[in-house]
Amino acid sequence: MQIGVVGLGRMGQIVVNRVLDAGHDVVAFDLSEEATAAAAGAGATPADGLEDLADRLGEEKRIWLMVPAGDAVDATLDELGPLLDDDDVVVDGGNSHFEESVRRAETVEAAYLDCGTSGGPAGAELGFSLMVGGPEWAYEAMTPVFDAVATGPDGHDRMGPVGSGHYVKMVHNGVEYALMQAYGEGFDLLANGRYDLDLESVAKTWNNGAVIRSWLLELCEEAFREEGTDLGTVADHVSGGSTGTWTVQEALEREVPVPLIYQALAERFGSRDDARFSRRLANRLRYGFGRHEIVREE
Ligand SMILES: NC(=O)C1=CN([C@@H]2O[C@H](COP(=O)(O)OP(=O)(O)OC[C@H]3O[C@@H](n4cnc5c(N)ncnc54)[C@H](O)[C@@H]3O)[C@@H](O)[C@H]2O)C=CC1
Ligand SMILES: O=C(CO)[C@H](O)[C@H](O)COP(=O)(O)O
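Residues numbered from 1 in each chain as written. Chains lettered and ligands numbered in written order. Predicted model: local features only at pLDDT ≥ 70, side-chain atom pairs only at ≥ 80, totals over all residues. Heavy atoms only, no water.

For the protein, an unreviewed UniProt entry supplies the name 6-phosphogluconate dehydrogenase, NAD(+)-dependent, decarboxylating and the organism Halogeometricum luteum. Under the UniProt heading Pathway (unreviewed entry), the note attached to the protein is "Carbohydrate degradation; pentose phosphate pathway." (UniProt positions renumbered as here; feature names shortened; annotations may be inferred.)

This is the structure:
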């Protein structure tokens, strides 16, 4: 089978390598010539643009987009869409908003599969978990590629109609936020608790048979090993947040309580402010109602 891959960064390059390793052919394109050259070095056929990529794919084109979510997906589809017809299949493997995927599916003639991708760069060896939405025939047509990119046949499934793949990935990310927050709080208490603990050792012990063992906990173990029990110079700042925001927005709209996910998102936002206004005001108000001492900045 032959596929085109557009977007050859951290994740796209893994898609290319795993598809090539499974014995398929890849035509690859990235705006970065360096990234396209790296894919060519791995055995893909480089394309010098989207038109060239489409030409090289012939009939029944199968194209995997792994560009950043948002404008880059629309820009790619604006150029690629008119070159495709209803025998063709486009997979968006990025973290697009599910409603954007529904809109895009309506604007391209090709079958559109929205594919939530989980596993991060570690998926290079293990393969990814793929949550796919869209027409059944297109999912079946792409199955050999999904088998290669995922951990295997059990590492991907069709969630439902278009939109459902990115919807499931959005909720997955919300869960990811809450799990990170739970581990963070537990280790915070251990780091500031009654015993002088080696947190790498705690994480290692938990990872070996404990109820709360997980890949995120293995990453905690790695973090304490590489940064030290006090996390060294790692700053009190958490970036990102779009997928968690979408999860909370959806939960509000559906009136489903997700307090843990919301709390984790709020902690992220709060981490970006050096001096939180609400806490400074609380400091001042305690003086107002109780004449408690105001703590002032030096
Ligand atoms: N990094 C991660 O752990 C995960 C990332 N994702 C999603 O996968 C997608 C890609 O992520 P990464 O590979 O991490 O990003 P990246 O920033 O490493 O790579 C993106 C690549 O797309 C290229 N690109 C940008 N606009 C383009 C365009 N119009 N045409 C062709 N190439 C273009 C860039 O030059 C770059 O090489 C994003 O939607 C991200 O949210 C999903 C799961 C995990
Ligand atoms: O999807 C992912 C993991 O599952 C990606 O790592 C994504 O970039 C996380 O982004 P954010 O932390 O901003 O939600």
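From this point, things continue past the structure.
Participant: Can you break down the packing of helix α8 (residues 164-191) against helix α10 (residues 215-227) residue by residue, with the values?
Facilitator: The N-to-C vectors of α8 and α10 enclose an angle of 45°; their axes lie 10 Å apart at closest approach. Between α8 and α10, the angle falls in the class oblique. Read as a crossing pair, α8 and α10 show a hand that is right-handed. Seen from α8, the contacting residues are Glu 176, Leu 179, Met 180, Tyr 183 and Phe 187; seen from α10, they are Leu 216, Leu 217, Cys 220 and Phe 224. Looking at the contact of α8 with α10 residue by residue, the class counts come to eight nonpolar, no polar and one charged. (Axes fitted to C-alpha atoms, helices over the stretch in contact; angles between N-to-C directions. Helix = DSSP H or I, 4+ residues; strand = E, 2+ residues; numbered from the N terminus. Parallel < 35°, antiparallel > 145°, perpendicular 65-115°, else oblique. Left-handed = near helix turned anticlockwise from the far one by under 90°. Contact = heavy atoms within 4.5 Å. Nonpolar A, V, L, I, M, F, W, Y, C, P; charged D, E, K, R; others polar.)

Participant: Report on the site of ligand 2, specifying residues and quantitative values.
Facilitator: The environment of ligand 2 is made up of Asn 95, Lys 169, His 172, Asn 173, Glu 176, Tyr 177, Gly 240, Gly 241, Thr 243 and Arg 268. Glu 176 is positioned such that a nitrogen or oxygen atom in its side chain is 2.7 Å from an oxygen atom of ligand 2. Surface burial for ligand 2 is 62%, taken as the share of its 380 Å² of free accessible area covered by protein chains. No other element matches α8, which puts five residues into the shell around ligand 2. The residue inventory of the shell around ligand 2, partitioned by class, reads one nonpolar, six polar and three charged. (Near = heavy atom within 4 Å. Polar contact = N/O pair within 3.5 Å; in protein donor to acceptor, adjacent residues only side chain to side chain. Areas by Shrake-Rupley, 256 points an atom, 1.4 Å probe, with all protein chains shown as cover.)

Participant: Summarise the domain arrangement of the protein; cite the residues concerned and give the values.
Facilitator: When its domains are assigned, the protein resolves into domain 1 (2-161) and domain 2 (169-290). Every contact between the two is made by ten residues of domain 1 and, on the other side, eight residues of domain 2. Surface buried jointly by domain 1 and domain 2 totals about 720 Å² across both partners, of which 69% is contributed by carbon and sulfur atoms. It is Asn 95, His 97 and Phe 98 in domain 1 that bury the most area against domain 2; as a group they hold 52% of the surface buried on that side. (Domains from an automatic or database assignment. Buried area = accessible area lost by both parts, 1.4 Å probe.)

Participant: Could you give me a rundown of the nonpolar core, with the residues and numbers involved?
Facilitator: For soluble globular proteins, nonpolar side chains are generally found buried alongside one another. One finds Val 26, Trp 64, Leu 130 and Phe 146 to be the most contacted residues of the largest nonpolar core, which totals 30 residues. When residues of this core are traced back to their parent elements, those giving at least two are β1 (2-6), α1 (10-21), β2 (25-29), α2 (33-42), β5 (89-92), β6 (111-118), β7 (129-133) and α7 (136-149). When near neighbours in sequence (up to four residues on either side) are disregarded, Leu 130 contacts Trp 64, Cys 115, Gly 116, Thr 117, Phe 146, Val 149, Ala 150, Gly 155, His 156 and Asp 157. In terms of nonpolar packing, the next biggest core, distinct from the first, is built from 20 residues, Leu 50, Leu 57, Val 108 and Tyr 112 among them. (Core = buried A, V, L, I, M, F, W, Y, C linked by side-chain atoms within 4.5 Å. Buried < 20%, exposed > 50% of the residue type's maximum accessible area, 1.4 Å probe, protein only.)

Participant: Provide a residue-level description of the sheet that holds β6, including the pertinent values.
Facilitator: Taking strand neighbours across the sheet as the criterion, the eight strands line up as β3-β2-β1-β4-β5-β6-β7-β8 in an open arrangement whose pairing is mixed. On the outer flanks of this sheet lie β3 (45-46) and β8 (156-160), each paired with one strand and no other. Inspection of the sheet shows β7 paired to β8 by four bridges, in the parallel sense. When the bridges of β8 are listed, Gly 133 appears paired with Gly 160. (Pairing = 2+ DSSP bridges.)

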